[in-house]
Each structure stands twice: as structure tokens, then as C-alpha cells.
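# Notes for the structure review
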Amino acid sequence: MKIIISERHTNLLMETISTKLRRRLDPEYIHDIAEDIIEYDINPCEWKDTNDFVVDFADLIVQNIIIDANDDDEASSKEMDLLWHYVIDNFGGYIRNLYIRECQ
């Protein structure tokens, strides 16, 4: 069931968001953003709970995608929500593993 939901969500995302944002949904690009955030911006071990870290980290990834797209004024809350769900659906496990790698 999760695959169907993720596939449907991805299709909705691709149809809804701007081209500037859509171009930045490459998995390698998002992994690079995640690694940069860990290296330069935050210390994951400041979070006591893995789930809180995943949620906050997904927010940071979405913010970075929007900033990189120079789309600050154009990204609607709907686009940001869709991006956030895309990141959680597709990279939640990866983000969780980052936390575990850095903090345990």
C-alpha cells in the first residue's frame, strides 16, 4: 500500500509544483543537500527523538530546495506541503539513518 500512496503522491507533486522546484527533486541532489546540512548547519544529536529529527530535517531540506530554486516568493504553502511529504515518503528512512549514523 505504501508504494501506491507514494506513487500517487509523486504524480500529484509532479503535476502541481513549478518547474523550478521539480528540477530539484533528483535523489542525488537531495542526498547532497542532506549531507551539506549535517556538515555545515546542524548537529543531529541535539534532537532527543529520531522522529522529531526526521520532521525538522525534512523541513530544512524543503527550505533548501526552495532557496536553491530562487522560489522564495513563488512557492505556495501547498507546494511546500507537497515537497515535505515527498521528502518524508522518499527520504524518511535515509534521514533516520543519518541520525543513527551521527548520534549512535
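Shown above is the structure to which this text applies.
Our subject in this report is the structure included herewith. (Residues numbered from 1 in each chain as written. Predicted model: local features only at pLDDT ≥ 70, side-chain atom pairs only at ≥ 80, totals over all residues. Heavy atoms only, no water.)

A separate point is the packing of aromatic side chains. The final tally for this structure, using the stated rule, is four aromatic pairs. Each ring, one from Trp47 and one from Phe53, has its centre 5.3 Å from the other, and the planes form 75°; the classification is edge-to-face. For Phe53, a relative accessible area of 0% gives the class buried. Judged by centre distance (6.1 Å) and plane angle (65°), the rings of Tyr86 and Phe91 are edge-to-face. Of the two residues, Tyr86 and Phe91, neither departs from the other in class, the shared state being buried. (Phe/Tyr/Trp six-rings, centres within 6.5 Å; stacked < 30°, edge-to-face > 60°. Buried < 20%, exposed > 50% of the residue type's maximum accessible area, 1.4 Å probe, protein only.)

Summed over all chains, the structure comprises two salt bridges. Between Arg101 and Glu35 there is a salt bridge, with the nearest N and O atoms lying 3.3 Å from each other. Of the two residues, Arg101 is situated in helix α5 (residues 77-103) and Glu35 in helix α3 (residues 27-41); the sequence distance between them amounts to 66 residues. A relative accessible area of 47% means that Arg101 is categorised as partly exposed. Among the ionic pairs, Glu102 bridges to Arg101, the shortest N-O distance being 3.2 Å. Counted as one network, the salt bridges with shared partners bring together Glu35, Arg101 and Glu102. (Salt bridge = Lys/Arg side-chain N within 4 Å of Asp/Glu carboxyl O. Helix = DSSP H or I, 4+ residues; strand = E, 2+ residues; numbered from the N terminus.)

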